[in-house]
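Topology and contacts: notes
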Amino acid sequence: MTMPLRQSVRIAAYLAAQKLRHRDKFPLLLELEPLFACNLACAGCGKIQQPADQLRRRMPVEQALAAVEECGAPMVSIAGGEPLMHPQIDKIANELVARKKFVFLCTNATLLRKWWDRFEFKPSPYFAFTIHIDGLRERHDESVQREGVFDEAVEAVRWLKERGFRVTSNSTFFTTDSPQSVIDVLNYLNDDLQVDEMMISPAYAYEKAPDQEHFLGVQETRELFHKVFADGRRKKWRLNHSPLFLDFLEGKVDFPCTAWGIPSYSLYGWQRPCYLLNDGYTKTYKELVETTDWDSYGRGRDPRCANCMAHCGYEPTAVLATMGSLKQSLRAMHP
């Protein structure tokens, strides 16, 4: 795991505090969606299938900050939609950084250099841009349904790093990916682009996604990552995951879903139970935690979860398992 020391210490202290308070459900990271609109129409995403009036909405800065304060998560992933289409996204990010939250601004990067002068982002150990890259040029452009997006994302990564920003990547893989294509893009991100950290995930069958034919099943996911991680490759990549979650992806261990670990807050409120399923919304985080039947979700419990191995449900389980074991904690520090 390549998490910076400052962040690792903060998360460890946060988890210890939750244990001392005897809290059995608490957030590790908040998925904050301040808008649904996007300038791309990716085949595996259904966010822009929202009604036109909802696509025009932008979450007020005060509302976004209140949600983060309400749940108390130490890390915030700002997603969407495309966050750079929110005219005050820099204010949201900067206010969270001022509160010493670890902020990851997720973007497809197509608007980043073009609209840079509209915003006031500043390098900080608490802030990182997370650039969406699903493959090398042909594969990525096919995934996002537009030519030239890969090249712009690559230039944006280099441009940001020259300006002193931390840059991470987020890659989602489908049945159209082979072990070699995954290896190739991770090698490129790690060695050529030299992003600070990489996050990977098997694609989840998002209900409103235009492409419903290429989502990975559990066995397909395990077979893919077992081959990708062979020959010690995963140790050389700067993967932003716990070793136990990577074990989970390749089928070495299995975990129950811990959906409450990464709650989602959007223009509709707190989404139940996670950002991938929509069983309604609550007005408060407390209501989300206390009134959701968490035991009814996850593989083997809800048919909709049958093929899910997404980080939002299973990375928190892996993190908690790591912190509960001295052996795994040492392994996480020296994977």
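Look up a bit, the structure's there.
First things first, this report covers the structure right here in the doc. (Residues numbered from 1 in each chain as written. Predicted model: local features only at pLDDT ≥ 70, side-chain atom pairs only at ≥ 80, totals over all residues. Heavy atoms only, no water.)

**Some words on helix H12 (residues 311–323)**
- The first and last C-alpha atoms of H12 sit 17 Å apart over 13 residues, in line with the 18 Å expected at 1.5 Å per residue.
- Listed in full, the buried residues belonging to H12 are His311, Cys312, Gly313, Tyr314, Glu315, Pro316, Thr317, Ala318, Val319 and Thr322. (Helix = DSSP H or I, 4+ residues; strand = E, 2+ residues; numbered from the N terminus. Expected span 1.5 Å × (residues − 1). Buried < 20%, exposed > 50% of the residue type's maximum accessible area, 1.4 Å probe, protein only.)

**As for the sheet that holds strand S1 (residues 29–32)**
- Ordered in space as S6-S5-S4-S3-S2-S1-S7-S8-S9, the 9 strands form an open sheet in which the pairing is mixed. Among the strands making up the open sheet, the edge pair consists of strand S6 (197–202) and strand S9 (278–282). With direction set aside, neighbouring strand axes in the sheet form an average angle of 25°.
- Judged from the 5 bridges that link them, strand S4 (residues 127–132) and strand S5 (residues 166–173) form a sheet pairing that is parallel. Bridge pairing in S5 links threonine 130 to threonine 168. (Pairing = 2+ DSSP bridges. Axes fitted to C-alpha atoms, helices over the stretch in contact; angles between N-to-C directions.)

**Structural notes on the packing of helix H7 (residues 179–192) against helix H8 (residues 218–228)**
- Running from amino to carboxyl end, H7 crosses H8 at an angle of 55°, the nearest separation of the two axes being 9 Å. On the basis of their axis angle, the class for H7 and H8 is oblique. In the packing of H7 onto H8, the handedness of the crossing is right-handed. Residues Pro179, Val182, Ile183 and Leu186 of H7 lie in contact with H8, whose contacting residues are Leu224, Lys227 and Val228.
- Its residues assigned to classes, the contact of H7 with H8 comprises 6 nonpolar, no polar and 1 charged. (Parallel < 35°, antiparallel > 145°, perpendicular 65-115°, else oblique. Left-handed = near helix turned anticlockwise from the far one by under 90°. Contact = heavy atoms within 4.5 Å. Nonpolar A, V, L, I, M, F, W, Y, C, P; charged D, E, K, R; others polar.)

**Side note on the packing of aromatic side chains**
- Scanning the entire structure with this criterion turns up 23 aromatic pairs.
- Relative to tryptophan 260, the ring of phenylalanine 26 lies with its centre 5.6 Å away and its plane at 65°, an arrangement referred to as edge-to-face. In this pair, phenylalanine 26 is assigned in the loop between helix H1 (5–20) and S1 and tryptophan 260 in the loop between helix H10 (243–249) and strand S7 (264–266), connecting sequence segments 234 residues apart. The two residues phenylalanine 26 and tryptophan 260 agree in class, both being buried. (Phe/Tyr/Trp six-rings, centres within 6.5 Å; stacked < 30°, edge-to-face > 60°.)

**Side note on the nonpolar core**
- Leu32, Ile78, Phe121, Phe129 and Ile131 are the most contacted members of the largest nonpolar core, which totals 102 residues.
- It is helix H6 (residues 149–162) that contributes the most residues to this core, 7 residues altogether.
- Once you skip the residues sitting within four places of it in the chain, phenylalanine 121 turns out to touch Leu84, Ile89, Asp90, Ala93, Leu105, Trp116, Phe127, Phe129 and Phe165. (Core = buried A, V, L, I, M, F, W, Y, C linked by side-chain atoms within 4.5 Å.)

**With respect to the pairing of S5**
- With 7 of 8 residues buried, S5 is to be regarded as a mostly interior element.
- Sheet topology places S5 next to S6; 6 bridges connect them, and they run parallel. In the sheet register, phenylalanine 173 faces S6, and the bridge partner there is proline 202.
- For the crossover from S5 across H7 to S6, the handedness is right-handed. (Right-handed = clockwise from strand over helix to strand, strands pointing away.)

**Digging into the state of the cysteines**
- Scanning the entire structure with this criterion turns up 0 disulfides.
- Cysteine cysteine 42 shares no disulfide, and the gap to the nearest cysteine sulfur, in cysteine 38, comes to 6.0 Å.
- Here cysteine 274 is not cross-linked by a disulfide; its sulfur's nearest cysteine counterpart is in cysteine 312, at 4.7 Å. (Disulfide = S-S within 2.5 Å.)

**Description of helix H4 (residues 89–98)**
- Where H4 is concerned, the buried positions are Ile89, Asp90, Ile92, Ala93, Leu96 and Val97. Take H4 and look down its axis: the buried residues cluster within an arc of 160°, on one side only.
- Along its buried surface, H4 packs onto S1, helix H3 (61–71), strand S2 (75–78), strand S3 (102–107) and S4.
- Positive backbone phi, approximately 60°, marks lysine 100, located one or two places after H4. (Arc of directions from axis to C-beta.)

Purely spatial values, then, with no claim about function.
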